[in-house]
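Given next are the chains, with one letter for each unit.
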Amino acid sequence: MQKISSLLLATGLLLGSAPLAHAQKAPSPYQTRFKVDAPISVGLGALSITGLLLVQQKEGLTDAQLAALNKNDIPKFDRFSAGYYSDKAQTAGDLIVYPSLVVAPALLALDADVRGRYGQVLGLYLQTMLAADATFTMSVGSITRYRPFLYGTQGGGDRNSKIATNSFFAGHTAHTAAATFFAAKVYHDFHPDSNLRPFVWTAAAAVSAAEGYTRLKAGKHFLSDNIVGYAVGATAGILIPQLHKKANGLSLLPVQGVNVNGYSYSGLSLTKQL
């Protein structure tokens, strides 16, 4: 999962300094502002880096600690998967999450209307993925939860690795959901009257659920880890585009002024455009 974080950071920080709004051929339902979006993207990238640094400070389990693990200490809701392990499920999950990060925006590029504003859409996509990634890295960097496979006997050298403490929450699931739900949301907003919208949303939900299932069967995450990861990713995929909608939606706008004491101020305001 750290490979995803590093890739997103490198790409996001590289493009975060470029304006997100340009003159395009097709009308767009979104409004982006360099003075707002660039600092937000850079800030999210900084949080992701901080989370990765926190992960590097964690320590793996000793053999004695592994031997002392008891699945009865796991909440009943998650206990059924304690000891799960599957290399095939791990591989299947990798074959879903990594392609989805590329396929989701690539499919949007096939749409003529989206393609006309693709620079703007790509900027929103990077911001979305950075938001999901920052939430993920800060969580795994700050929270220690042992992966399900540690309660069994498989896993080899990974059993003593620091990443074996990164169960909460499911990063693969979160990134997959962020990518697929973003694609569904953008298609929805560009084509509000399309009969294909239910199928697009269903595909996004199904692909993300499939990724969560592979992570569960692989013994990498408990059910609750996947539910949280799914929710975080889906929220980022929907909320970031929604915050940039031009009309009848919430927007982040820069504000400046002078307060009653005569001091100037500046910042961001969350407003609903009518």
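Residues numbered from 1 in each chain as written. Predicted model: local features only at pLDDT ≥ 70, side-chain atom pairs only at ≥ 80, totals over all residues. Heavy atoms only, no water.

### Some points on the confidence of the model for the protein chain
In this model, the protein chain carries a mean pLDDT of 88, and residues with pLDDT of at least 70 account for 81%. For the stretch residues 9–24, pLDDT sits under 50, and the model shows 33 contacts to residues farther than four places along the chain or on other chains. (pLDDT = per-residue confidence, 0-100. Contact = heavy atoms within 4.5 Å.)

### A look at the layout of surface pockets
Empty space within the second largest pocket amounts to approximately 330 Å³. Residue lining of the second largest pocket: 18 residues in total, with Val103, Ala104, Leu107, Thr180 and Ala183 positioned closest to the centre. Elements with a contribution of two residues or more to the lining of the second largest pocket: α5 (87–109), α8 (171–190) and α9 (197–217). Here the element with the most residues in the lining of the second largest pocket is α5; it accounts for eight residues. Classifying every residue of the lining of the second largest pocket gives 15 nonpolar, two polar and one charged. (1 Å grid on protein atoms, 1.4 Å probe; cavity = no way out; pocket = protein on both sides within 12 Å on 5 of 7 lines; lining within 4 Å. Points joined across faces, edges and corners; volume = space filled by probe spheres on them. Helix = DSSP H or I, 4+ residues; strand = E, 2+ residues; numbered from the N terminus. Nonpolar A, V, L, I, M, F, W, Y, C, P; charged D, E, K, R; others polar.)

### A few points about the packing of α9 against helix α10 (residues 223–243)
Contact pair α9 / α10: the axes reach a minimum separation of 10 Å and the direction vectors enclose 150°. For the element pair α9 / α10, the angle class is roughly antiparallel. By crossing handedness, the relation of α9 to α10 is classed as right-handed. Of α10, the residues touching α9 (which contributes Trp201, Ala205, Ser208, Ala209, Gly212, Arg215 and Leu216) are Leu223, Asn226, Tyr230 and Ile238. (Axes fitted to C-alpha atoms, helices over the stretch in contact; angles between N-to-C directions. Parallel < 35°, antiparallel > 145°, perpendicular 65-115°, else oblique. Left-handed = near helix turned anticlockwise from the far one by under 90°.)

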